[in-house]
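Geometric and topological summary
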Amino acid sequence: MSEERGRGPGSRFLYEPFDRASARIEAHERVTDERWKALERRLAQIEVGLERLERRLWLAVFGCAAFLATEVATSFLITSP
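Summary of the structure given here. Remember, it's a predicted structure, so these values are computed and weren't measured experimentally. (Residues numbered from 1 in each chain as written. Predicted model: local features only at pLDDT ≥ 70, side-chain atom pairs only at ≥ 80, totals over all residues. Heavy atoms only, no water.)

1. A closer look at the pattern of salt bridges
Our working definition: In the sections that follow, a salt bridge refers to a side-chain nitrogen of Lys or Arg positioned within 4 Å of a carboxyl oxygen of Asp or Glu. Strands here mean DSSP runs of E at least two residues long; helices mean DSSP runs of H or I at least four residues long; both are numbered from the N terminus. Residue exposure (1.4 Å probe, protein chains only): buried if accessible area is under 20% of the type maximum, exposed if over 50%, otherwise partly exposed.
Applying the stated criterion across every chain yields a total of one salt bridge. A salt bridge links Glu34 to Lys37, with the nearest nitrogen and oxygen atoms 3.8 Å apart. With Glu34 and Lys37 both in helix 1 (residues 20–79) and three residues apart, the pair spans about one turn of that helix. A relative accessible area of 47% means that Lys37 is categorised as partly exposed.

2. Concerning a nonpolar patch on the surface
Note the cut-off: Think of a patch as exposed residues, more than 30% relative accessible area, with no salt bridge, where like charges cluster within 9 Å and nonpolar side chains (Val, Leu, Ile, Met, Phe, Trp, Tyr) cluster within 5 Å. Computed by Shrake-Rupley with a 1.4 Å probe, the accessible areas treat only the displayed protein chains as cover when residues are assessed.
Together, Trp36, Leu39, Leu43, Ile46, Leu50, Leu53 and Leu57 line one region of the surface with nonpolar side chains, adding up to about 690 Å² of accessible area. If you trace the backbone, Ile46 turns up in helix 1.

3. Thoughts on a negative patch on the surface
Note the following rule: Neither His nor the chain ends is counted toward charge; the positive residues are Lys and Arg and the negative residues Asp and Glu. One atom stands in for each charge, and that atom is NZ of Lys, CZ of Arg, CG of Asp or CD of Glu.
A surface patch of negative charge is lined by Asp19, Glu26, Glu29 and Asp33. Its relative accessible area of 46% is what places Asp33 among the partly exposed residues.

This is the structure:
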C-alpha cells in the first residue's frame, strides 16, 4: 500500500476530518439540482398543455367564424331573388 501525503498506511478517515458542513452543502446542492430538474420538466409539461389548449381554442373560434359565415352566405342566397 502506498503512503498518502506522507502518512502511514490506513484509512484516510483516521487522518482527514469529516467536514459535515461541506457534506451537508453538497447534499443540499444535489437535492436542489434534482428539484430544479423536476420543476423544469413540470413546466415543460405545462407549456405543452397550454399549447394544446390554445390550438383547441383557435379551432373553436375558427369553427364559430365559419358557422357564422355560412349562415350569412345562406341568408344572402335565400333572400336574393
